[in-house]
Amino acid sequence: MIRLKTQEEIELIRESALLVGKTLAEVGKYVKPGVTTAFLDKIGEQFIRDNGATPVFKGYNGFPAALCISVNDVVVHGIPSEDMFIKDGDIVSIDCGTNLNGYIGDSAYTFTCGEVRPEVLRLLKVTKEALYLGLEKCVEGNRVGDIGHAIQTHCEKNGYTVVRELCGHGVGLKLHEDPSVSNFGVKGTGPLLKEGMVIAVEPMINLGSKNVKFSQEDGWTCRTKDGKPSAHFEHDVAIGKHAPDILSSFEPIENIK
Ligand code: MG
Ligand code: MG
């Protein structure tokens, strides 16, 4: 069931989503060679708690950490580890969710560490562009399939592939609400977008083939099958009557570079 939000609720979700952006910016300052992903997780969790919120990922279906930190060929749901050291040339996708006053924000950004290969930088650029093209469709009267179609078209046109197994979702009162928002699709299909809907749009785009595998050992880590890098960017957005209202922000993150 799709739960429509009041304008008051949307403002509270925005506060939570903006805290996620600030958390990502804070953690992003520490994305450097030699740092462990467990250390980044610790910084993020402390920042969230210092700002009066709780990390919603921690304990979600048993997930053991505050942040999902996914390096290079890890698409999403990487578990922070004391043994995982960031290296020069890595890309580091950090996904964060907060509960602030009962409202959920959920946003992700793929950071670069040092000198990243130009072909990988281009993957990041195109994935971020695809996110915004999807967000542009978040207007009353469009359908969920229009979002996926816009993302898929842009990524495939540039030679990349769209992960099929994972998708965006409704968000706000719970971390994952209806509807599911695929990053591929057919125009004019799927649930109708209405003012008051709040969704997370989150393209997961691969440099190589679209196929992924989930770790048998930890039950979480999702990697590309061919070992090539994958990018992930995510924003929360309220469907507007005439324009999308993007609730999360990459602004503080992009200011740190
Ligand atoms: Mg997320
Ligand atoms: Mg999400």
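Refer to the structure presented above.
Residues numbered from 1 in each chain as written. Chains lettered and ligands numbered in written order. Predicted model: local features only at pLDDT ≥ 70, side-chain atom pairs only at ≥ 80, totals over all residues. Heavy atoms only, no water.

Novice: Can you lay out the nonpolar core for me, pointing to particular residues and giving the numbers?
Specialist: The biggest cluster of nonpolar side chains holds 52 residues, and the ones touching the most others in it are Leu24, Leu40, Ile94, Ile147, Cys155, Ile199 and Val201. Take this core: its biggest share by element is seven residues, from helix H3 (residues 118-136). Once residues within four sequence positions are removed from consideration, isoleucine 199 is found in contact with Cys138, Ile147, His169, Gly170, Val171, Pro179, Val181, His235, Asp236, Val237 and Ile239. Ile10, Tyr103, Ala200 and Trp220 belong to the second-largest nonpolar core, a separate cluster that totals 17 residues. (Core = buried A, V, L, I, M, F, W, Y, C linked by side-chain atoms within 4.5 Å. Buried < 20%, exposed > 50% of the residue type's maximum accessible area, 1.4 Å probe, protein only. Helix = DSSP H or I, 4+ residues; strand = E, 2+ residues; numbered from the N terminus. Contact = heavy atoms within 4.5 Å.)

Novice: Could you give me a rundown of helix H2 (residues 37-50), with the residues and numbers involved?
Specialist: Taking 1.5 Å of rise per residue, 14 residues should cover 20 Å, and H2 covers 20 Å from first to last C-alpha, within 8% of that figure. Within H2, burial applies to Thr37, Ala38, Leu40, Asp41, Ile43, Gly44, Glu45 and Ile48. Close packing links the buried residues of H2 with helix H1 (7-28), strand S1 (54-55), strand S2 (67-71) and strand S4 (91-100). Of the residues one or two after H2, glycine 52 is the one with positive phi, at around 80 degrees. (Expected span 1.5 Å × (residues − 1).)

Novice: Please provide a residue-by-residue account of the coordination of the magnesium ion (ligand 1), values included.
Specialist: Looking at the magnesium ion (ligand 1), one finds its protein donor set to be Asp95 (OD), Asp95 (OD), Asp106 (OD) and Glu234 (OE), positioned 2.0 to 2.5 Å from the metal centre. Coordination of the magnesium ion (ligand 1) draws on donor residues from a single chain, spaced D-x10-D-x127-E in sequence. By relative accessible area, glutamate 234 is classed as buried at 0%. (Donors = N, O, S within 2.8 Å, 3.2 Å for Na, K, Ca; no water.)

Novice: So what's going on with the side chain of serine 16? Residues and values would help.
Specialist: By the element assignment, serine 16 lies in helix H1. Once residues within four sequence positions are removed from consideration, serine 16 is found in contact with Thr98, Asn99, Leu100, Tyr103, Ile104 and Gly105.

Novice: Got a sec to walk through unusual backbone geometry? Specific residues and values, please.
Specialist: The peptide bond linking aspartate 178 to proline 179 adopts the cis configuration, its omega dihedral lying at 0 degrees. Position of proline 179 among the secondary structure elements: in strand S8 (residues 177-181). A positive phi angle is found at asparagine 72, which is not glycine, with a value near 55 degrees. Summarising the element assignment, asparagine 72 is placed in the loop between S2 and strand S3 (74-76). Taking relative accessible area as the criterion, asparagine 72 reaches 23% and is therefore assigned partly exposed. The backbone phi angle of histidine 77 is positive, close to 65 degrees, even though this residue is not glycine.

Novice: Could you give an account of H3, with specific residues and numbers?
Specialist: Its 19 residues place the ends of H3 27 Å apart at the C-alpha level, agreeing with the 27 Å of an ideal helix rising 1.5 Å per residue. Of all the positions in H3, only Val120, Leu123, Leu124, Val126, Thr127, Ala130, Leu131, Gly134 and Leu135 are classed as buried.

Novice: Can you lay out the packing of H3 against helix H4 (residues 144-157) for me, pointing to particular residues and giving the numbers?
Specialist: Two quantities define a packed helix pair, namely the angle between the helix axes and the distance between the axes. Between H3 and H4, the shortest axis-to-axis distance is 8 Å and the interhelical angle comes to 155 degrees. The pairing of H3 with H4 is recorded here as roughly antiparallel in orientation. Crossing of H3 against H4: the hand is right-handed. Of H4, the residues touching H3 (which contributes Val126, Glu129, Ala130, Leu133 and Gly134) are Ile147, Ala150, Ile151, His154 and Cys155. Among the residues making up the contact of H3 with H4, the classes are represented as seven nonpolar, two polar and one charged. (Axes fitted to C-alpha atoms, helices over the stretch in contact; angles between N-to-C directions. Parallel < 35°, antiparallel > 145°, perpendicular 65-115°, else oblique. Left-handed = near helix turned anticlockwise from the far one by under 90°. Nonpolar A, V, L, I, M, F, W, Y, C, P; charged D, E, K, R; others polar.)

These figures come from the coordinates and say nothing about function on their own.
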